[in-house]
Amino acid sequence: MRYSSSRGQYPPVSAAEAIKMGLAPDGGLFVPDQIPVLSSADWELMTSQNYQERAGHILGLFLEEFTADEIRDCVEGAYNSTNFDDSRIAPTAELGRQVFVLELWHGPTCAFKDMALQLLPRLLVASARKTGEQSEIVILVATSGDTGKAALEGFKDVPGVKIIVFYPQDGVSEVQKRQMISQFGNNVYVAAVSGNFDDAQNGVKQIFSDRSFIDSLAQHGMKMSSANSINWGRLLPQIVYYLSAYADLVGAKRLIAGDKVNVVVPTGNFGNILAAFYAGQMGMPINRLIFASNANNVLTEFIRTGRYDRKRSFVKTISPSMDILISSNLERLLFELTGHDALKVRAWMEELRDSGCYQVDMETARKLDQYFWADFASDDETHMTIRKIWQEEGYLLDTHTAVGFDVYDKYVLATGDQTPTIIASTASPYKFGRSVAEAILPMELLEGQDEFSVLEVLAEFTNIPVPAAIKGLDQRPILHATVTSKEGMQATVAKFLEL
Ligand SMILES: *Cc1c(COP(=O)(O)O)cnc(C)c1O
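Basis of the calculations
- Residues numbered from 1 in each chain as written.
- Predicted model: local features only at pLDDT ≥ 70, side-chain atom pairs only at ≥ 80, totals over all residues.
- Heavy atoms only, no water.
- Phe/Tyr/Trp six-rings, centres within 6.5 Å; stacked < 30°, edge-to-face > 60°.
- Helix = DSSP H or I, 4+ residues; strand = E, 2+ residues; numbered from the N terminus.
- Buried < 20%, exposed > 50% of the residue type's maximum accessible area, 1.4 Å probe, protein only.
- Near = heavy atom within 4 Å.
- Polar contact = N/O pair within 3.5 Å; in protein donor to acceptor, adjacent residues only side chain to side chain.
- Areas by Shrake-Rupley, 256 points an atom, 1.4 Å probe, with all protein chains shown as cover.
- Nonpolar A, V, L, I, M, F, W, Y, C, P; charged D, E, K, R; others polar.
- Salt bridge = Lys/Arg side-chain N within 4 Å of Asp/Glu carboxyl O.
- 1 Å grid on protein atoms, 1.4 Å probe; cavity = no way out; pocket = protein on both sides within 12 Å on 5 of 7 lines; lining within 4 Å.
- Points joined across faces, edges and corners; volume = space filled by probe spheres on them.
- Axes fitted to C-alpha atoms, helices over the stretch in contact; angles between N-to-C directions.
- Parallel < 35°, antiparallel > 145°, perpendicular 65-115°, else oblique.
- Left-handed = near helix turned anticlockwise from the far one by under 90°.
- Contact = heavy atoms within 4.5 Å.
- Pairing = 2+ DSSP bridges.

**Regarding the packing of aromatic side chains**
Aromatic ring pairs: the centre-centre distance and the angle between the two ring planes describe each pair. Across all of its chains, the model carries 19 aromatic pairs by this definition. Centroid distance Tyr-308 to Tyr-358: 5.5 Å. Interplanar angle 10°. Geometry classified as stacked. Placement of the pair is Tyr-308 in strand β11 (residues 307-309) and Tyr-358 in strand β12 (residues 357-359), with a sequence separation of 50 residues. Note on accessibility: Tyr-308 and Tyr-358 belong to one class, buried.

Printed below as a string of structure tokens:
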């Protein structure tokens, strides 16, 4: 199977090359030339497989040049009981009314990014080996919180790789910061940037495009790469859990093979919901993909109207991992919906770059409407949803998953649709514990409590234990204390790498 650039100005490459390169050199995203469709024998087999076996099977369909042993090593290194606190890896919980919560946060950082970032480093190393890469790979990440820690956990102690994470000094939560600065590993580096997330991200982009810096890395036998969600190797692991959830529900006789389901995804950068779209292309019977955003709802408007306009202001919400205005993975969806029309996609992306907006053609807008339904939730609605689901179902949602529940309610109200529904749950409630606690606890209990003691109060009240990955974080030794200005980021990289 070959992978083509969505901008059509670079020749197709193998899976290993696509994963090693991340972004195509013409600025496009790599997309597989055909999507494999699962046979009824595949589905039957999957019903009796465990998560690792399903992942191995599905990955094998996309990664033709990888041997079954290589894939098994990657999968078992990623999804095991050292990294995940539930042996089912991505279990579903049923909340009445045929609503199934797909819990994607049992990994080492308690958010769904672990599902991809535990596997990507292993795929990357295997891809580098396969393509004869001699250089050491340096992963540079700018993070607004969740990605940085998940990437550190995924890449720590991986041979042939070094990882450097920059986070905005005052732009991440205390839990997120503590998670990063206490990171173990002989190849990990973390630095705070005095500035906001945009400063950190722009700094990383500048380093990536600095020719003389790239040359000096090459002289030291090193090469930069990225772990962000444009990499096919990050999207692919996410397709697995949707197919796996469906197989689980059929296996548990909650669905009959062939029954349609809706899938609700709280969305930021469009990666997770795009994976659900691909699961549908592979034959998972999906009725509607329900797209949930917070007040940063540029994509809600896009799904409804086919017009993308990024000229709007950024809102800080209680679901910060979805506070995104520019969604890179949308380009892959446009490529798919236009039947791989790179000319069209390129024209829209150029319009976006030059004027900050574009309008897709009627046919594409019609397809958007056919596959997706979109709405958004305010912070107040998110709080109310957490309280309601806790009181009615005894199930505790994090702030991102609650956005998904709120939008699902709006969908049912608007359409009356009773199709069974899978809601992707993207983080443990403890990852965003203060907002969750504020939604369900009396204010007096929270007064004067810091971010860590709030978690203990929440655990006592709900009887749901604090995950081991977060418990006692404030007691762990600080291993990374570097702070850099925006201008000093490149020098910081040079110092870490001893150039
Ligand atoms: C990253 C993230 C999201 C958004 O996922 P996308 O793939 O960017 O749409 C949602 N919830 C949580 C908790 C996240 O960390």
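**Brief notes about the site of the ligand**
What surrounds the ligand is a group of 15 residues, the closest being Lys-113, Asp-146, Gly-268, Asn-269 and Thr-426. Here an oxygen atom of the ligand and a side-chain polar atom of Lys-113 are 2.5 Å apart. In isolation the ligand has 390 Å² of accessible area, and contact with the protein removes 96% of it. Classifying every residue of the shell around the ligand by side-chain character gives five nonpolar, eight polar and two charged.

**Let's talk about the pattern of salt bridges**
Applying the stated criterion across every chain yields a total of 26 salt bridges. Across the salt bridge formed by Glu-331 and Arg-7, the nearest N and O atoms sit 2.7 Å from each other. Note that Glu-331 is positioned in helix α14 (residues 330-337) and Arg-7 in the loop between β1 (3-5) and α1 (15-21), a separation of 324 residues in sequence. Glu-331 sits in the buried class, given a relative accessible area of 4%.

**A short note on unusual backbone geometry**
One non-glycine residue, Ile-89, lies in the positive phi region at around 65°. Relative to the elements of secondary structure, Ile-89 occurs in the loop between α4 (68-78) and β3 (92-94). Under the relative-accessibility criterion, Ile-89 is labelled buried at 1%. Of note in this structure, Phe-270 is not a glycine but carries a positive phi near 75°. With relative accessibility at 1%, the residue Phe-270 sits in the buried group.

**Some words on the layout of surface pockets**
Of the voids in this model, the second largest pocket is the one considered here, and its volume is about 290 Å³. Taken together, 19 residues form the lining of the second largest pocket, with Pro-108, Glu-153, Ala-468, Ala-469 and Arg-476 sitting closest to its centre. Of the residues belonging to the lining of the second largest pocket, the class tally is eight nonpolar, seven polar and four charged.

**Focus: helix α6 (residues 120-130)**
Every buried residue belonging to α6 is among Leu-120, Pro-121, Leu-123, Leu-124, Ala-126, Ser-127 and Ala-128, and all of these are buried. Once α6 finishes, Gly-132 follows within two positions and takes phi at roughly 70°, a positive value.

**Quick notes on the packing of α4 against α6**
For the pair α4 and α6, interaxial distance at closest approach is 9 Å and the crossing angle is 155°. On the basis of the axis angle, α4 is roughly antiparallel to α6. In this structure, α4 crosses over α6, and the sense of that crossing is right-handed. Residues Glu-70, Cys-74, Gly-77 and Ala-78 of α4 form the contact with α6, whose participating residues are Arg-122, Leu-123, Arg-129 and Lys-130. When grouped by side-chain class, the residues that make up the contact of α4 with α6 number three nonpolar, one polar and four charged.

**Thoughts on the sheet that holds strand β5 (residues 136-142)**
Reading across the sheet, the five strands line up as β8-β5-β6-β7-β15 and stay open at both edges, with parallel pairing between neighbours. If you trace the sheet from one side to the other, it starts and ends with β8 (222-225) and β15 (482-484), each paired once. Pairs of neighbouring strands in the sheet enclose a mean axial angle of 30°, with direction left out of account.

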